[in-house]
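# Coordinate analysis (summary)
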Amino acid sequence: MKQDEFNELFRNRTKILALQIISLLSELKYNDALGTIRKQLIRSITSTAANFRAVCRARSERERFAKLCIVVEEADETIFWIEMITEAGFISKEEMADCYKEATEILKVMASNRKRLMTS
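The model shown is predicted, which means the values in this text are computed figures rather than measured ones.

Time to look at the packing of helix α1 (residues 3-26) against helix α2 (residues 32-56). With their axes 9 Å apart at the nearest point, α1 and α2 run at an angle of 165° to one another. By the angle class used here, α1 and α2 are roughly antiparallel. Between α1 and α2 lies a crossing of left-handed hand. Counted together, Phe6, Asn7, Phe10, Arg11, Thr14, Lys15, Leu17, Ala18, Ile21, Ile22, Leu25 and Ser26 of α1 and Arg38, Leu41, Ile42, Ile45, Thr46, Thr48, Ala49, Phe52, Arg53 and Cys56 of α2 form the full contact between these two elements. Its residues assigned to classes, the contact of α1 with α2 comprises 13 nonpolar, five polar and four charged.

Below, the structure is given as structure tokens:
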């Protein structure tokens, strides 16, 4: 797959995942604990998407690597908050299963991409 195709694919995948999570969490009734977790989860997944867009526009390899490190960190944090929101019982694991799977796949691909950049 060419770099442009890869970039377009993951720009879309990260944005779609962010929209899916926002949609799922918007339906939940508010309380303080849920509000905190919801805010953190939405922040981390939208940061993943926004920072991947920044990776695609990087002006240098060093900038690309730095932004990719942020993407990996935020994708991992997204998985943490998905685990928190399901284990706290605010939403079922079944309802979040597709989001969890997609976030895990994104993390794996981005971590692999970061590792490749480190060795080149």
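According to the stated counting rule, one finds eight salt bridges in the structure shown. The closest approach of N and O atoms between Glu77 and Arg43, which form a salt bridge, is 2.3 Å. You can see Glu77 sitting in helix α3 (residues 61-87) and its partner Arg43 sitting in helix α2, a full 34 residues away along the chain. One salt bridge in this structure joins Arg64 and Glu61, with 3.2 Å as the shortest N-O distance. Taken as a pair, Arg64 and Glu61 lie in helix α3 at a separation of three residues, close to a single helical turn. Classification of Glu61 as partly exposed rests on a relative accessible area of 48%. A single network of salt bridges, built from pairs that share partners, joins Arg13, Lys101, Glu102 and Glu105.

Rules and cut-offs
Residues numbered from 1 in each chain as written. Predicted model: local features only at pLDDT ≥ 70, side-chain atom pairs only at ≥ 80, totals over all residues. Heavy atoms only, no water. Axes fitted to C-alpha atoms, helices over the stretch in contact; angles between N-to-C directions. Helix = DSSP H or I, 4+ residues; strand = E, 2+ residues; numbered from the N terminus. Parallel < 35°, antiparallel > 145°, perpendicular 65-115°, else oblique. Left-handed = near helix turned anticlockwise from the far one by under 90°. Contact = heavy atoms within 4.5 Å. Nonpolar A, V, L, I, M, F, W, Y, C, P; charged D, E, K, R; others polar. Salt bridge = Lys/Arg side-chain N within 4 Å of Asp/Glu carboxyl O. Buried < 20%, exposed > 50% of the residue type's maximum accessible area, 1.4 Å probe, protein only.

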